[in-house]
Amino acid sequence: MDVTRIAYSPCPNDTFVFHAWAHGLVPDAPRLDVTFADIDITNGIAERDDDGPDVLKVSYAVLPWIMDRYALLPCGGALGRGCGPLVLTREPGTGTGADLAGRTVAVPGERSTAYLLFRLWAAQAVPGGVGRVVVMPFHEIMPAVRDGRVDAGLVIHEARFTYGQYGLTCLADMGAYWEAETGLPIPLGAIVAKRSLGAAALRRLADAARASVRAAWADPAASRDYVRAHAQEMDPEVAARHIDLYVNGFTEDLGDEGHAAVTTLLDRAAAGGLVPPPPHALRLP
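About the cut-offs
Residues numbered from 1 in each chain as written. Predicted model: local features only at pLDDT ≥ 70, side-chain atom pairs only at ≥ 80, totals over all residues. Heavy atoms only, no water. Helix = DSSP H or I, 4+ residues; strand = E, 2+ residues; numbered from the N terminus. Rg over C-alpha atoms; globule rule 2.2 N^0.38 Å. Buried < 20%, exposed > 50% of the residue type's maximum accessible area, 1.4 Å probe, protein only. Areas by Shrake-Rupley, 256 points an atom, 1.4 Å probe, with all protein chains shown as cover. Lys, Arg positive; Asp, Glu negative; His and termini not counted. Charge placed at Lys NZ, Arg CZ, Asp CG, Glu CD. Phe/Tyr/Trp six-rings, centres within 6.5 Å; stacked < 30°, edge-to-face > 60°. Contact = heavy atoms within 4.5 Å. Expected span 1.5 Å × (residues − 1). Axes fitted to C-alpha atoms, helices over the stretch in contact; angles between N-to-C directions. Parallel < 35°, antiparallel > 145°, perpendicular 65-115°, else oblique. Pairing = 2+ DSSP bridges. Right-handed = clockwise from strand over helix to strand, strands pointing away.

(A) Inspection of the overall build of the chain at higher detail. Scanning the chain from N- to C-terminus turns up 12 helices and 10 strands. A globule of 285 residues ought to have a C-alpha radius of gyration of about 19 Å, and the chain, at 18 Å, matches this closely. Each of the three principal axes of the chain carries a C-alpha extent, and together these read 55 × 40 × 35 Å. Looking at the chain as a whole, 53% of its 285 residues qualify as buried. Accessible area for the chain stands at about 12,000 Å²; split by element, carbon and sulfur atoms hold 48% of it. Charge separation in the chain, taken as the distance between the mean sites of 25 positive and 34 negative side-chain charges, equals 2 Å.

(B) Structural context of the packing of aromatic side chains. Following the criterion strictly, the structure yields 6 aromatic pairs and no others. On the numbers, 5.4 Å between centres and 85 degrees between planes, the contact of Tyr 8 with Phe 36 is edge-to-face. Here Phe 36 lies in strand 2 (residues 31-36) and Tyr 8 lies in strand 1 (residues 3-8), a separation of 28 residues in the sequence. Feature note: the residues Tyr 8, Phe 18, Trp 21, Phe 36 and Tyr 226 constitute an aromatic cluster, connected by ring pairs.

(C) Representation of the environment of His 242. Examined against the element boundaries, His 242 turns out to sit in helix 10 (residues 236-246). By relative accessible area, which is 0% here, His 242 ends up buried. Ignoring any residue separated from it by four or fewer positions in sequence, one finds His 242 in contact with Cys 11, Pro 12, Asn 13, His 157, Glu 158 and Phe 161.

(D) Layout of helix 4 (residues 113-125). For helix 4, spanning 13 residues, the distance from its first C-alpha to its last is 18 Å, which sits close to the expected 18 Å at 1.5 Å a residue. When we look at burial in helix 4, the residues that qualify are Thr 113, Ala 114, Tyr 115, Leu 116, Leu 117, Phe 118, Leu 120, Trp 121 and Ala 122.

(E) Summary view of the packing of helix 1 (residues 12-22) against helix 10. Interhelical geometry of helix 1 versus helix 10 gives an angle of 70 degrees and a closest axis separation of 8 Å. As the angle between them shows, helix 1 and helix 10 are arranged roughly perpendicular. Between helix 1, through Pro 12, Asn 13 and Phe 16, and helix 10, the contact on the second element is made entirely by Ala 239, His 242, Ile 243 and Tyr 246.

(F) Here's a closer look at the pairing of strand 6 (residues 104-107). Alternating residues of strand 6 divide into Thr 104 and Ala 106 and Val 105 and Val 107, and every residue in both groups is buried. Examined bridge by bridge, strand 6 and strand 7 (residues 132-135) share 4 bridges and lie parallel to one another. Across the sheet, Thr 104 pairs through a bridge with Arg 132, a residue of strand 7. Considered for its hand, the β-α-β crossover made up of strand 6, helix 4 and strand 7 is right-handed. In terms of strand pairing, strand 6 meets strand 8 (residues 152-155) through 2 bridges, oriented parallel.

Take it as geometry only, folks, not as evidence of what the structure does.
What follows is the structure, encoded as structure tokens:
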């Protein structure tokens, strides 16, 4: 495995995490051939393309459909507290899920963790359910809500810091809902690798990802140009807050608590008929 093909997003947390590895700064790690793609694209690749990259950043919600071919690496992903997707509206309304009954909601992907969390929340909070769900790229959601093309939007990433600029109101925080329900951190984005690479290669990839995270923390300035180059439309302060929120101890290693959070999410979703049961154990062999 002299060269490893990898696909991750241009979001600041991913470029920060993978900067060292992508630039050959992780000793004994395989060289990376990097493709940048938003997570809705990588989710689709993982589901449909057997010839896709060896390593992918995907949504935790897509794991039940891909774990027959991909293994979860315990590092490099996004999982934490206070970082959940938000449901936004133009007007405060009653400030409850009842405001969405029969309404149109924009979401950032049918296989996104954000949408899976929304469905779990809405089953309890929205009487009679929402009216219609519209899938659109995440950067189009806030303008669509602002302009009245949809009644509400489910947003992710740096929208947590910028939705006020669109004059929008936060109706519900999916992370706060999840943490109140379970006491666990919220799983968002996972790093997966092809099972066909073999157990030794998977462990080597996990070690490389973990070393890249540690290198990023050891010298945060080293990745600054790489992060900025792939987040050109983002305010540098917002990019820094993005990294601080989404890169944390669970990025270095999921550990028992992180694995419990992922297992709980998928078990609850499977019990509700939202996803099939995962076909493999989450931990690497």
